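For reference, the chains in residue letters:
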Amino acid sequence: MQKQSLKSQALAGSAWTLGGYTVAQVVRLGSHLVLAWLLDPKMFGLMALVKVVQHGLGMFSDIGILPSIIRSKRGDDPVFLCTAWTIQVMRGIALWICACILAWPLAAVFSRNDPAAWQLLQLLPVAGFGAVLEGLNSPVLATLNRDLRFGRMTLLELGKQLTAVVVMIVWGYFSPTAWALVAGGLAGSAFGALLSHFLVPGFRVRFAWNRDCVSEIAHFGKWIFLSTAFTFLAINLDKLILGNLVTLEHLGVYSIAFVFAKVPQYVGMRLSSKVLFPIYATFRSDAERMVSVALKARGLVLLLGMAVCCCLAVAGPLFFESLWDPRYHEAGNITQWMSLYIWTTLIQQTMSRIPLALGNSRAMFYSNVWMCTGSLLAIGGYYLAALPGFISGLAMGPVISHMYLLRHVPAGRLALFRQSVRFTLVAVAYGMSAVLATNFVRSWVSELAWAAMVVTLAVTPVLVVGVVVLRKVRGEQRSQVAKGS
């Protein structure tokens, strides 16, 4: 793969990923607005706990199969793909059984803080079946990801989301309970699993078991499998802890705020796994060149993430107070604090793909252990400063993990560290200045003038970054034309 060709594919892949994600967020925004008027916050609190289990099951059902296919020389071998799919299906079934077993203990634990949590006894086994459906996804998704062919994958994800949203809203209208959210999730997973088998004509998956393939997947994926346990805890530790500290209603408001505060995290996660990792893997035999490429690619992802984090931090209160039911207005202030935590996860995620591309999945495992351990500081933060202290404590986990990962980068550690510090200083300086300014003038000006100031300060970084990215894309297009001529 030539340098210019790779760069073009990366930009095209980024465009598909960001474009698809933008559409997905618009759909998510609309659906949550509608559902917030249909459902009580307590329903979102219940679903937050259900999603903790669902997320864990989804992570465990992968066991490193996607990165195994991306970096394996046998990634196009039908035997390898079918063996990987067989392992995935078996894992999904086992994890569904685990969800059924965990339903009663988890319902008993969380019901001590809010009796309504006993509904988890019925919700978890049904929602847990999503692990089986996700396990049925075709392995060609990994090959499309490896080749940076994101068009069909993006359309598939949007189809899954639209299916889920339609089912949630229709069900919620006639029966406003947590079952509407569970049913929508299952419908989306079923749609995606079915359609994934028609993305690449000519390939039909079947059950297979090749010992060499199993050995290769197991060797690479053993540390990924272990690290997913700590990734799951690090990402969901907040809900597990808050589920025992606050009511389901407060947890529901927090989870709504988290959905929108996580926008830059999702962007960074998708770009890191879908675009950065395949690019890094291309240079896995040349560590110095990989780091050189990483500095440029990672810088672009951090630039995008920084703009969105600042936008959310500034616009959070206006967004929720203008569009949402009054029961959810507090989510605006929570979003501002969450932006700090989300930024730290971005610098950690973009760093973690470098050792993974080099085959050092063990470093990924220990980095997630450190992230999970550091996030426990949130408990002390809660008792010191309530929810703001809790979120600030969470932010320490990714920071500690980031510092650990730097030790396992074979070259360019100082350059990567400086890059993280530089972007962090800019993000904090702009974000804090804008938030403090809008908070200060609110009591002195009219609501309309305050809203105009908020929108201006929130949109500015997004527009600036958009211009920078557009120039890069146009520059790449001109270089391709010149090369062709």
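Placed above this text is the structure.
Please read all numbers here as calculations on a predicted model, not as lab measurements.

Rules used in this analysis
Residues numbered from 1 in each chain as written. Predicted model: local features only at pLDDT ≥ 70, side-chain atom pairs only at ≥ 80, totals over all residues. Heavy atoms only, no water. Helix = DSSP H or I, 4+ residues; strand = E, 2+ residues; numbered from the N terminus. Buried < 20%, exposed > 50% of the residue type's maximum accessible area, 1.4 Å probe, protein only. Contact = heavy atoms within 4.5 Å. Areas by Shrake-Rupley, 256 points an atom, 1.4 Å probe, with all protein chains shown as cover. Core = buried A, V, L, I, M, F, W, Y, C linked by side-chain atoms within 4.5 Å. Expected span 1.5 Å × (residues − 1). Axes fitted to C-alpha atoms, helices over the stretch in contact; angles between N-to-C directions. Parallel < 35°, antiparallel > 145°, perpendicular 65-115°, else oblique. Left-handed = near helix turned anticlockwise from the far one by under 90°. Nonpolar A, V, L, I, M, F, W, Y, C, P; charged D, E, K, R; others polar. Bend = angle between axes of the 7 residues up to and from the residue. Disulfide = S-S within 2.5 Å. Polar contact = N/O pair within 3.5 Å; in protein donor to acceptor, adjacent residues only side chain to side chain.

## Some details on the overall build of the protein
Line of reasoning, step 1. Helix and strand counts for the protein come out as 18 helices and zero strands.
Line of reasoning, step 2. Going through the 485 residues of the protein one by one, you find that 53% of them count as buried.
Line of reasoning, step 3. Across the protein, contacts joining residues at least 24 apart in sequence account for 82% of those joining residues at least 6 apart.
Line of reasoning, step 4. A total of about 21200 Å² of accessible surface is found on the protein, and carbon and sulfur atoms cover 69% of it.

## Observations concerning the environment of Gly192
Line of reasoning, step 1. If you trace the backbone, Gly192 turns up in helix H9 (residues 179–196).
Line of reasoning, step 2. Considering only alpha carbons, one finds Gly192 and Met153, 39 residues apart in sequence, at a separation of 10.0 Å.
Line of reasoning, step 3. The residues touching Gly192, leaving out its near neighbours within four places in the chain, are Asn137, Leu156 and Lys160.

## Considerations on the nonpolar core
The tendency in soluble globular proteins is for nonpolar side chains to be buried side by side.
Line of reasoning, step 1. Grouped together as the largest cluster of nonpolar side chains are 69 residues, with contacts concentrated most on Leu120, Tyr254, Met338 and Trp343.
Line of reasoning, step 2. Here this core takes ten residues from helix H11 (residues 248–261), the largest share from any one element.
Line of reasoning, step 3. Setting aside anything within four residues of it in sequence, one finds Leu120 in contact with Leu46, Leu49, Val50, Ala103, Leu106, Ala107, Phe110 and Pro125.

## A word on helix H14 (residues 331–357)
Line of reasoning, step 1. Taking 1.5 Å of rise per residue, 27 residues should cover 39 Å, and H14 covers 38 Å from first to last C-alpha, within 8% of that figure.
Line of reasoning, step 2. Across the 27 residues of H14, 24 count as buried, placing the element largely inside the fold.

## Considering the packing of H11 against H14
Line of reasoning, step 1. Following both chains from N to C, one finds H11 and H14 inclined at 50 degrees, their axes separated by 9 Å at the closest point. Taken together, the axes of H11 and H14 are oblique relative to one another. Pair H11 / H14 crosses with right-handed handedness. Within the contact between the two elements, H11 uses Val253, Tyr254, Ala257, Phe258 and Ala261 and H14 uses Ala331, Ile334, Thr335, Met338, Tyr341 and Ile342.
Line of reasoning, step 2. Class assignment for the residues of the contact of H11 with H14 results in ten nonpolar, one polar and no charged.

## Digging into helix H4 (residues 78–111)
Every α-helix carries 3.6 residues per turn, so stepping three or four residues along brings you back to the same face.
Line of reasoning, step 1. Compared with the 50 Å implied by 1.5 Å per residue over 34 residues, the 48 Å span of H4 between its first and last C-alpha is a close match.
Line of reasoning, step 2. In H4, a bend of some 40 degrees at Leu102 exceeds every other bend along the element, and Pro105, a proline, comes one to four places later.

## Quick word on the state of the cysteines
Line of reasoning, step 1. What the rule picks out here adds up to zero disulfides.
Line of reasoning, step 2. Looking at the unpaired Cys309, the closest cysteine sulfur is the one in Cys310, lying at 6.9 Å.
Line of reasoning, step 3. Among the residues examined, Cys309 registers a relative accessible area of 5% and is labelled buried.

## Re the side chain of Thr345
Line of reasoning, step 1. Secondary-structure assignment places Thr345 in helix H14.
Line of reasoning, step 2. Given the relative accessible area of 3%, Thr345 is considered buried.
Line of reasoning, step 3. Reaching out from Thr345, the side chain makes a polar contact with the backbone oxygen of Ile342 at a distance of 2.5 Å.
Line of reasoning, step 4. Not counting chain neighbours up to four residues away, the residues in contact with Thr345 comprise Gln265 and Pro398.

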